[in-house]
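Below, each chain spelled out in residue letters.
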Amino acid sequence: MLFVCVHNAGRSQMAAAFLTHLGGERVEVRSAGSAPADTVNPAVVEALAEVGIDISAEVPKVLTVEAVQASDVVITMGCGDACPYFPGKRYLDWKLEDPAGQGVEAVRPIRDQIEQHIRSLLADLGIEAAA
């Protein structure tokens, strides 16, 4: 599964962290950005730490054709036409507010939306979320 947003510093990092946390070894998780930032948004790191997920060591990664080809499901979050399209892949687009430049108070509701999306995705895939 590949999560893509523009900077790979907020939404896609949160989604990848939640899927890794809730899906465990049952899913392979990647995240990337079409124009990656230098660092993950500190408010995103803080918001995830509040729910017991540590992404302080994560770094934004550039979107590659290989990452898309290696993924069965590609979930975009505001990257528009920057995401390459390959037949046979399942594409989803999640409409989420961009947490860039916002404080942790603004990131919390985005975090909670992403968690719900991940739980629904796991259910759709027949994978029970970890406790």
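Residues numbered from 1 in each chain as written. Predicted model: local features only at pLDDT ≥ 70, side-chain atom pairs only at ≥ 80, totals over all residues. Heavy atoms only, no water.

By the naming in an unreviewed UniProt entry, the protein goes by Arsenate reductase ArsC and is assigned to Streptomyces kaniharaensis.

Tell me what's going on with the packing of helix 1 (residues 11–23) against helix 4 (residues 104–124), and back it up with residues and numbers.
Two elements in contact, helix 1 and helix 4, have axes separated by 9 Å at closest approach and are oriented at 45 degrees. For the element pair helix 1 / helix 4, the angle class is oblique. Here the hand of the crossing between helix 1 and helix 4 comes out right-handed. Listed contacts from helix 4 to Arg11, Met14, Ala15, Phe18, Leu19, Leu22 and Gly23 of helix 1 are Val107, Ile110, Arg111, Ile114, Glu115, Ile118, Arg119 and Leu122. Split into classes, the residues belonging to the contact of helix 1 with helix 4 amount to ten nonpolar, one polar and four charged. (Axes fitted to C-alpha atoms, helices over the stretch in contact; angles between N-to-C directions. Helix = DSSP H or I, 4+ residues; strand = E, 2+ residues; numbered from the N terminus. Parallel < 35°, antiparallel > 145°, perpendicular 65-115°, else oblique. Left-handed = near helix turned anticlockwise from the far one by under 90°. Contact = heavy atoms within 4.5 Å. Nonpolar A, V, L, I, M, F, W, Y, C, P; charged D, E, K, R; others polar.)

A description of unusual backbone geometry should follow, citing residues and the corresponding values.
A positive phi angle is found at asparagine 8, which is not glycine, with a value near 50 degrees. Relative to the assigned elements, asparagine 8 resides in the loop between strand 1 (2–5) and helix 1.

I'd love a proper account of the nonpolar core, names of residues and values included.
Counting residues in each nonpolar core, the largest one holds 31 residues, and the members touching the most others are Phe3, Leu48, Ile75, Met77, Trp94, Ile114 and Ile118. Contributing elements (two or more residues each) for this core: strand 1, helix 1, helix 2 (42–49), strand 3 (73–76) and helix 4. Val4, Ala32, Ala67 and Val68 belong to the second-largest nonpolar core, a separate cluster that totals seven residues. (Core = buried A, V, L, I, M, F, W, Y, C linked by side-chain atoms within 4.5 Å. Buried < 20%, exposed > 50% of the residue type's maximum accessible area, 1.4 Å probe, protein only.)

An account of the packing of aromatic side chains is requested, with residue identities and associated values reported.
For any pair of aromatic rings, geometry is given as the distance between the ring centres together with the angle between the planes. If you walk through the whole model with that rule in mind, you get one aromatic pair. Seen in terms of ring centroids, phenylalanine 3 and tryptophan 94 are 5.9 Å apart; in terms of plane orientation they differ by 50 degrees. Their pairing is tilted. With phenylalanine 3 in strand 1 and tryptophan 94 in the loop between strand 4 (90–93) and helix 4, the pair connects residues that are 91 residues apart, well separated along the chain. The same class applies to phenylalanine 3 and to tryptophan 94, which are both buried. (Phe/Tyr/Trp six-rings, centres within 6.5 Å; stacked < 30°, edge-to-face > 60°.)

Give me the pairing of strand 1: which residues, what numbers.
Alternating positions in strand 1 separate into two faces, Leu2 and Val4 on one and Phe3 and Cys5 on the other, with burial throughout. Of the pairings in the sheet, the one linking strand 1 to strand 2 (residues 30–33) comprises four bridges and is parallel in character. Within strand 2, the residue paired with valine 4 across the bridge is alanine 32. In this fold, the crossover linking strand 1 to strand 2 by way of helix 1 has right-handed handedness. In the sheet, strand 1 pairs with strand 3 via three bridges, with the strands oriented parallel. Across the sheet, the residue bridging to phenylalanine 3 is isoleucine 75, located in strand 3. (Pairing = 2+ DSSP bridges. Right-handed = clockwise from strand over helix to strand, strands pointing away.)

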